[in-house]
Amino acid sequence: YELDGRVNIGNGNCLLASATTCDNGDALVNVTLTIEPGVNIRGLPSDDPLSAAVLHITRGSMINAIGTRAAPIIFSSSDPDFSTPGEWGGVQISGFAPHNACDTDPCNVDGEGEAGFIGGNNPAANSGVMRYVVLAENGVAINSDGDEINGLSLNAVGSGTEFDFIQIHETSDDGVEFYGGTANMKHLVVSNANDDSVDWDEGYQGNLQYVLVRQSGDGSGEAFEMDTEGSLAWLSKPT
């Protein structure tokens, strides 16, 4: 399959007027995207970062991407190799879990990377399953102020979501970034990220187990960056 520009699954990136209704009067829809084992999804290139190839699972919708060890699901660019970072955008998942900038009911936090609105008040929110998934050659900076699309961006994703056996390779930005939320992840490999391999902020509370990082020698990031809203950070870089 080819991913041409931004593809939003559902409409939960809207400004919510209530738990079930967008500000424009549309009902919040609940859509599940299923991706079969062994499927390859190719992000097409774009000269404009605002039209980069992005798959975004919005609030209220779910992804069902369950690969296998023998037949992983692979996201990459349209060329045949896996060697060039920044050739397409990335995968974003947004949920209804808490975020430390939520100050309204319903919560409407303006998400990074053109994600629209994110956040909620359900720590156990479920955005689906990603298992045996590879994301390669992605990551796009939208502007010079740090607004970016990472290899995998998790926006207020809840602990009901499953992430297991995930590899992120050759991204031009962060490998995976948690923007708030309570998502857990096991068996994560991040290789050759040009920015931080694992980054969390905005009130993220979750568990990461079995994480292997090989930081790019050509990048400027860290193996781990952990902060709250950007004002404080503790950085860990291998020697």
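None of these values were measured; they are calculated from a predicted model.

The omega angle of the peptide bond from Asp105 to Pro106 is 5°, so this bond is cis rather than trans. One non-glycine residue with positive phi stands out, namely Phe165, at about 60°. With respect to the helices, strands and loops of the structure, Phe165 is situated in strand β17 (residues 162-169).

Let us now look at the nonpolar core. Among the nonpolar cores identified, the biggest contains 33 residues, and Phe75, Ile93, Met130, Leu154, Phe163 and Val176 are the most heavily contacted of them. Sequence-distant contacts of Leu154, defined by excluding residues within four places in its chain, comprise Ile93, Phe163, Val176, Glu177, Phe178, Tyr179, Gly180 and Met185. Within the second largest apolar cluster, five residues are counted, among which are Ala52, Val54, Ile142 and Ile149.

A few words on the pattern of salt bridges. Inspection of every chain in the model, using the stated rule, returns one salt bridge. The partner of Glu162 in a salt bridge is Arg131, and the shortest N-O contact between them spans 2.9 Å. You can see Glu162 sitting in strand β17 and its partner Arg131 sitting in strand β13 (residues 128-136), a full 31 residues away along the chain. With relative accessibility at 28%, the residue Glu162 sits in the partly exposed group. Using a relative accessible area of 25% as the deciding quantity, one classes Arg131 as partly exposed.

The next subject is the state of the cysteines. All told, the structure shown has two disulfides when counted by the stated rule. Across a sulfur-sulfur distance of 2.1 Å, Cys14 and Cys22 are joined as a disulfide pair. Handedness of the Cys14-Cys22 disulfide follows from its S-S torsion of about -80°: it is left-handed. You can call Cys14 buried: its relative accessible area is 15%. The exposure class of Cys22 is buried, given its relative accessible area of 3%.

Now for the environment of Asp47. Tracing the sequence through the fold places Asp47 in the loop between β6 (40-43) and β7 (54-57). Residues Asp47 and Glu87, spaced 40 residues apart in sequence, show a C-alpha to C-alpha distance of 9.8 Å.

Applying the stated criterion to the full structure yields four aromatic pairs. Ring geometry for Tyr132 and Phe165: centres 4.4 Å apart, planes at 0°, overall stacked. Placement of the pair is Tyr132 in strand β13 and Phe165 in strand β17, with a sequence separation of 33 residues. By relative accessible area, Phe165 is classed as partly exposed at 30%. An aromatic cluster is present here, built from Phe178, Trp200 and Tyr204 joined pairwise through their rings.

Mean pLDDT over the protein works out to 92, with 95% of the residues at or above the 70 mark. Across residues 230-239, confidence stays below pLDDT 50; counting only partners more than four residues off in sequence or on other chains, it has 17 contacts.

Definitions and limits used
Residues numbered from 1 in each chain as written. Predicted model: local features only at pLDDT ≥ 70, side-chain atom pairs only at ≥ 80, totals over all residues. Heavy atoms only, no water. Helix = DSSP H or I, 4+ residues; strand = E, 2+ residues; numbered from the N terminus. Core = buried A, V, L, I, M, F, W, Y, C linked by side-chain atoms within 4.5 Å. Buried < 20%, exposed > 50% of the residue type's maximum accessible area, 1.4 Å probe, protein only. Contact = heavy atoms within 4.5 Å. Salt bridge = Lys/Arg side-chain N within 4 Å of Asp/Glu carboxyl O. Disulfide = S-S within 2.5 Å. Phe/Tyr/Trp six-rings, centres within 6.5 Å; stacked < 30°, edge-to-face > 60°. pLDDT = per-residue confidence, 0-100.

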